[in-house]
Amino acid sequence: MFESEFLTPARKSQTLYRRLVSQAAQIVCTSFPDAPYHGRNAISLADRITTDVLPDVAASSEQVAATLRTVVSNSVVVSHPNTAAHLHCPPLLAALAAEVVISALNQSMDSFDQAPIATVIEQKLIRWLCAESGLPASADGTFTTGGSQSNYMALLLARDAYLQQHWNWSSQKAGLPPEARRLRIFCSDVAHFTVEKSASQLGLGSDAVVRVAVDARFRMNPASLRDSLEATQAARLLPMAIVATAGTTDFGSVDPLPELASLARAAGAWLHVDAAYGGALLFSTHHRHKLKGIEAADSVGIDFHKLFWQPIPCSAFLLRDAQHFGSMKLYADYLNPELHQDEGIPNLVTTSLLTSRRFDALKLWISFQTLGRAKLSAMIDRTAELAGHAARTIKITPQLELLCEPQLSTVVFRYVPTQRSSHPGQINASIRQRLFDRGLAVIGHTRVDSRQALKFTCMNPTVTENQMDQLIGAIVDEGAKIESAANLARKNLGRKKLGRKNLNRNNLGA
């Protein structure tokens, strides 16, 4: 009765599966927008989804196809040259093909009997990544949903290691001891917000996070970190972890890893390297040296749905000493009984925060096989070249100001109004929003030293210099239009005030 709803070895089932997958691909290709975004707001989008969530009777294939076409045509096109807002990449075709296999097999990575060969592939890939990062043979890791989860895992294991080492305390069994309120985590002023988020979720509180000053290139200042560590210890507080960033979200800046590693060792603190963005530099011919010192980390997070061009999610958490996973290990008789460990059966739930988990390692493996190291390196380097070109163009454009030399593939800048009376923050915010609302471009925004700024995140190695120049030109043109409209409004307002003043004089004269 229900056989036609599932993929099975039966010919009828496989014929229907091929047809549905082919139709879905056809809808994506025929409905794929030719602009970054159509510009519709949330209210108008809601009006376009009118079908019942669960109809009493199944919708026709035409109705289902119409819904899919609506979704495709009303989405942001991450591969468009004018889409450059976030660390949000266009996915590789090889990875998209692998996703078809991943979804069809639907392996869950928590136990070996659910994902046997998937477990083997993930383990091989994780151990290879550990070696590429310079971590020792004792290292291990797990795939995660992203840098946020990787940062959380790092601080969870850092906390548990500190409690065990200094107080012989298991938070897994006894919760947090009173002394835990003295634990401190150090990161730079521009580190990811999930450091505070993780601290609050781990029972340490966001006040446990100490933000450290950065240098002119937005890298953590080792001297400032040393001062913060000394001040913390003088206040009888306890340095638990240092979070170094290899590729900050806004600036792509890489903290001085060797110096931070030395300070972490001296303080007895765990060193986590958040390389969600910059981890790709491990495979760059020209920029790998920027990650020198990553091999000293106690843990590393790398996102592959950034500069490895994987569909979301695809990330990894790497751990220098696999024994630290023991603090989060639990056994369930139905899933991963202790007997399995004695028999050497690998159940990956013991190294993950998640139970059910996708076989995301496959798409990365297939992408690596399809590209090869040389092409992957060239693609990563190309994004940095594109950011460099954008920065040079911005510097020679009178209406724009570059706020930081690009260090990876992000470019932060702002439009500078020609009129002193103009409000630069409002104009920069308006430029971004108006380009988005009109479907012309999707660019980023942030604040630098309390100033509203614009941002390119160059994730697409297929973009040309000419296309980047055209995007910069569109920003300048939009800024000029906003200024012109504001000036006209001010003149009209001035005329109205003058008219009222003359009217009042005439009335007084009468």
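The rules behind each value
- Residues numbered from 1 in each chain as written.
- Predicted model: local features only at pLDDT ≥ 70, side-chain atom pairs only at ≥ 80, totals over all residues.
- Heavy atoms only, no water.
- Core = buried A, V, L, I, M, F, W, Y, C linked by side-chain atoms within 4.5 Å.
- Buried < 20%, exposed > 50% of the residue type's maximum accessible area, 1.4 Å probe, protein only.
- Contact = heavy atoms within 4.5 Å.
- Helix = DSSP H or I, 4+ residues; strand = E, 2+ residues; numbered from the N terminus.
- Polar contact = N/O pair within 3.5 Å; in protein donor to acceptor, adjacent residues only side chain to side chain.
- Phe/Tyr/Trp six-rings, centres within 6.5 Å; stacked < 30°, edge-to-face > 60°.
- Salt bridge = Lys/Arg side-chain N within 4 Å of Asp/Glu carboxyl O.
- Pairing = 2+ DSSP bridges.
- Axes fitted to C-alpha atoms, helices over the stretch in contact; angles between N-to-C directions.
- Expected span 1.5 Å × (residues − 1).

Draft legend 1. A look at the nonpolar core. Leu225, Val273, Phe304, Phe308 and Leu318 are the most contacted members of the largest nonpolar core, which totals 64 residues. Ignoring anything within four residues of it in the chain, the contact list for Leu225 reads Phe186, Val212, Met220, Ile242, Leu260 and Leu263. Residues Leu156, Leu157, Ala199 and Ala241 belong to the second largest nonpolar core, which totals 29 residues.

Draft legend 2. Seen up close, the side chain of Thr83. Positionally, Thr83 belongs in strand S1 (residues 83-84). Its relative accessible area of 15% is what places Thr83 among the buried residues. Within the local environment of Thr83, its side chain forms a polar contact with the backbone oxygen of Val77, the two atoms lying 2.8 Å apart. What Thr83 contacts, discounting residues up to four positions off in sequence, is Pro36, Val76, Val77, Val78 and Val442.

Draft legend 3. Quick peek at the packing of aromatic side chains. Evaluated as defined, the whole model comprises twelve aromatic pairs. Consider the rings of Tyr162 and Trp167, whose centres lie 5.8 Å apart with planes at 70 degrees: the pair is edge-to-face. Note on Trp167: relative accessible area 27%, which makes it partly exposed. For the ring pair Phe304 and Phe308, a centre distance of 4.9 Å and an interplane angle of 75 degrees mean the geometry is edge-to-face. For the pair formed by Phe304 and Phe308, the shared burial category is buried.

Draft legend 4. Representation of the pattern of salt bridges within the structure. Counted by the stated rule, this structure contains 18 salt bridges. Asp160 is the salt-bridge partner of Arg159, the closest N and O atoms lying 3.0 Å from each other. By the burial criterion, Arg159 is buried, and Asp160 matches it.

Draft legend 5. Region of the structure containing the sheet that holds strand S3 (residues 183-188). The mixed open sheet is built from seven strands, whose spatial order is S2-S8-S7-S6-S5-S3-S4. On the outer flanks of this sheet lie strand S2 (140-144) and strand S4 (209-212), each paired with one strand and no other. With strand direction ignored, the average angle separating the axes of adjacent strands in the sheet is 20 degrees. Inspection of the sheet shows S3 paired to S4 by four bridges, in the parallel sense. Paired with Cys187 across the two strands is Arg211, which belongs to S4. Helix-sheet contacts for helix H6 (residues 147-167) involve S2, S3, strand S5 (238-245), strand S6 (270-275), strand S7 (299-303) and strand S8 (315-319), and the interaxial angle to S5 is about 155 degrees.

Draft legend 6. Up close: the environment of Arg219. Along the chain, the position of Arg219 falls in the loop between S4 and helix H9 (222-234). By relative accessible area, which is 28% here, Arg219 ends up partly exposed. Sequence spacing of Arg219 and Ser188 is 31 residues, and the spatial spacing of their C-alpha atoms is 7.3 Å. Sequence-distant contacts of Arg219, that is, excluding residues within four places in its chain, are made with Ala213, Val214, Ser253, Val254, Asp255, Pro256 and Gln407.

Draft legend 7. Representation of the sheet that holds strand S10 (residues 410-415). Read from one edge of the open sheet, five strands run S1-S11-S12-S10-S9, paired in mixed fashion. Since the sheet does not close on itself, it has two edges, and those belong to S1 and strand S9 (400-404), each with one partner. Of the strands in this sheet, S9, S10 and strand S12 (451-457) touch helix H13 (residues 373-395), which is tilted by about 20 degrees from S10. Together, S10, strand S11 (442-448) and S12 form the strand contacts of helix H14 (residues 424-437), whose direction differs from that of S12 by roughly 35 degrees.

Draft legend 8. Representation of the side chain of Ser150. Positionally, Ser150 belongs in helix H6. The class for Ser150 is buried, based on a relative accessible area of 0%. Polar contacts involving the side chain of Ser150 include one to the side chain of Thr144, which spans 3.0 Å. Those residues in contact with Ser150 that sit more than four places away from it in its chain are Thr144, His272, Gly301, Ala316 and Phe317.

Draft legend 9. Quick peek at helix H5 (residues 116-132). With 17 residues, H5 should cover 24 Å at 1.5 Å per step; its first-to-last C-alpha distance of 25 Å lies within 8% of that length. Within H5, burial applies to Ala118, Thr119, Ile121, Glu122, Gln123, Leu125, Ile126, Leu129, Cys130 and Glu132. Phi for Gly134, located one or two positions after H5, is positive at around 85 degrees.

Draft legend 10. Expanded view of the pairing of S8. Within S8, five of the five residues are buried, which leaves it mostly tucked inside the rest of the structure. In S8, alternate side chains face the same way, and those of Ser315, Phe317 and Leu319 on one face and Ala316 and Leu318 on the other are all buried. Pairing geometry for S2 and S8, over five bridges, is antiparallel. When the sheet's bridge partners are listed, Gly141 is paired in S8 with Leu318. Two strands pair when backbone bridges link them, and S7 and S8 are joined in this way by five bridges, in the antiparallel orientation.

Purely geometric numbers; function is a separate question.
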